[in-house]
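Summary of structural features
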Amino acid sequence: MLRRKSRRITVGNVPVGGKAPITVQSMTKTDTKDINTTLSQIVELQKAGCEILRISVPDEESLEAFGYYLNKASIPLIADIHFNHKLAIECIKLGASCVRINPGNIGGKERVLEVVKAAIEHNCAIRIGVNAGSLEKGIMRRFGMTPRALAESALYWSKFLEDQGFLNFKVSIKSSDVRTTYEAHIIFAEKSDVPIHLGITEAGFGEYGIVKSSVGIGSLLLNGIGDTIRVSLTGDPVKEVKVGKYILQCLGLRSFGPEIISCPTCSRKKIDVEELAKKVAERLKDVKIPLKVAVMGCEVNGPGEAREADCGIAGGKHFSLVFKKGKVVAKAPNDEALDMLIEIIKELEENDGSEKAAISHQV
Ligand code: SF4
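Here goes a summary of the coordinates provided. (Residues numbered from 1 in each chain as written. Predicted model: local features only at pLDDT ≥ 70, side-chain atom pairs only at ≥ 80, totals over all residues. Heavy atoms only, no water.)

1. Some points on the state of the cysteines
Evaluation of the coordinates by the stated rule reveals 0 disulfides. We note that Cys50 lacks a disulfide partner, and the nearest cysteine sulfur, in Cys98, lies 13 Å from it. Since its relative accessible area comes to 3%, Cys50 is described here as buried. (Disulfide = S-S within 2.5 Å. Buried < 20%, exposed > 50% of the residue type's maximum accessible area, 1.4 Å probe, protein only.)

Right, dumping it as structure tokens:
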């Protein structure tokens, strides 16, 4: 997939843009002032694989707590600031990796400029968050509430920061409408190489929120647009990280371990595919190599339908077929087939390790 050429910036020690891997972000949802619960959410998100984390800093007390988290977190922290540019500057001084400001509500150019100066001085990144809810009046008069208006606002502020000689920034262009977000990004991406933070704001909760985010973020990623993503869901932020990883993995942009392909089942099925797929997922949770593992409900169509999988099981009435790289390698009693599949995966994992070792030896 061809990715848009964006400039590379760094958020703490994590590169964003250029050819850097597309990173997965999330945001804490606890009260920032509540040290214990916020810290345990930070730890949970780190464990889940969150790569950059945003924390709201709405007041002085939260500022103090933010400083504490900066010392505890092992991933870069972004301070999320609204209205109060002084808080942004204080977070920068404390050592934030990035501050997210919305120029539409921070109080004018002079204040944005003060934040930029502090960012330059302390080597901090900035995320310019353009939001459909707070567009500049002049832009609204010219373009109305359109995707073009969102793109123009992002272009305007990008130029403003570049004119100060500041390049270590990215933009986000947010609307809760998928089409508006999509079109605004297409317009912006054609005219700018500023790295883009992708997300559908207020996507909602549950399955609908996941689908809405996946369609919005996924359609842009497929166009090569997007350098870091955050799935905004009402609910547990760990889910945001998981969904973000799934989106990137489905598109072949990152690999976070094996992908399980399982058939939807039909009247031909001979085994409980859902139960077996869950068991396979459980047994593979520590496997880190990119693999496609298939769980298919019948031996008639299964191996053929899962031809592109690295290995898999196709269920039979008493015996299942275990296959590897498109070829059947065993016919095993149903209660032994899973162990046999895991053996094959371990072999593939060992081979992957020795292949990597051989490559690094050659280098
Ligand atoms: S693999 Fe077999 S059981 Fe599964 S959907 Fe295809 S035909 Fe039906």
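2. Description of the environment of Arg8
With respect to the element layout, Arg8 can be found in the segment before strand E1 (9–11). Take Arg8: its relative accessible area is 53%, and that puts it in the exposed class. Here the alpha-carbon distance between Arg8 and Ala20, two residues 12 residues apart in the chain, equals 7.6 Å. (Helix = DSSP H or I, 4+ residues; strand = E, 2+ residues; numbered from the N terminus.)

3. Some details on the sheet that holds strand E11 (residues 259–262)
The strand order across the open sheet formed by 5 strands is E11-E12-E13-E14-E15, and the pairing between neighbours is mixed. Here the strands that pair on one side only, and so sit at the sheet edges, are E11 and strand E15 (327–333). Mean inter-strand twist for the sheet, computed between neighbouring axes without regard to direction, equals 20 degrees. Both strand E14 (residues 319–324) and E15 contribute to a ladder of 6 bridges, which runs antiparallel. Bridged to Ser320 within E15 is Ala332. On the sheet, helix H11 (residues 273–283) packs against E11, strand E12 (292–296) and strand E13 (311–314) and is oriented at approximately 155 degrees with respect to E12. (Pairing = 2+ DSSP bridges. Axes fitted to C-alpha atoms, helices over the stretch in contact; angles between N-to-C directions. Contact = heavy atoms within 4.5 Å.)

4. Some remarks on the layout of surface pockets
The calculated volume of the largest pocket comes to roughly 720 Å³. Of all elements in the fold, only helix H10 (237–250), E11 and H11 reach the threshold of two or more residues within the lining of the largest pocket. With 5 residues, H10 is the single largest residue contributor to the lining of the largest pocket. By residue class, the composition of the lining of the largest pocket is 9 nonpolar, 2 polar and 6 charged. Quantified by volume, the second largest pocket comes out at close to 290 Å³. For the second largest pocket, the lining is made up of 18 residues, of which Met27, Thr201, Glu202, Arg230 and Ser232 are closest to its centre. Here the residues of the lining of the second largest pocket are counted per class, giving 3 nonpolar, 7 polar and 8 charged. (1 Å grid on protein atoms, 1.4 Å probe; cavity = no way out; pocket = protein on both sides within 12 Å on 5 of 7 lines; lining within 4 Å. Points joined across faces, edges and corners; volume = space filled by probe spheres on them. Nonpolar A, V, L, I, M, F, W, Y, C, P; charged D, E, K, R; others polar.)

5. Quick notes on the pattern of salt bridges
According to the stated counting rule, one finds 21 salt bridges in the structure shown. Between Arg3 and Asp227 there is a salt bridge; the shortest N-O distance is 3.5 Å. Within this pair, whereas Arg3 is found in the segment before E1, its partner Asp227 is found in the loop between helix H9 (206–222) and strand E10 (228–230), the two being separated by 224 residues in sequence. Given the relative accessible area of 2%, Asp227 is considered buried. Across the pair Arg254 and Glu51 runs a salt bridge whose closest N-O atoms are separated by 2.7 Å. A residue pair is termed long-range when its members are at least 10 positions apart, and Arg254 in the loop between H10 and E11 and Glu51 in the loop between helix H1 (35–48) and strand E4 (52–56) qualify at 203 residues. (Salt bridge = Lys/Arg side-chain N within 4 Å of Asp/Glu carboxyl O.)

The analysis is restricted to geometry; functional conclusions fall outside its scope.
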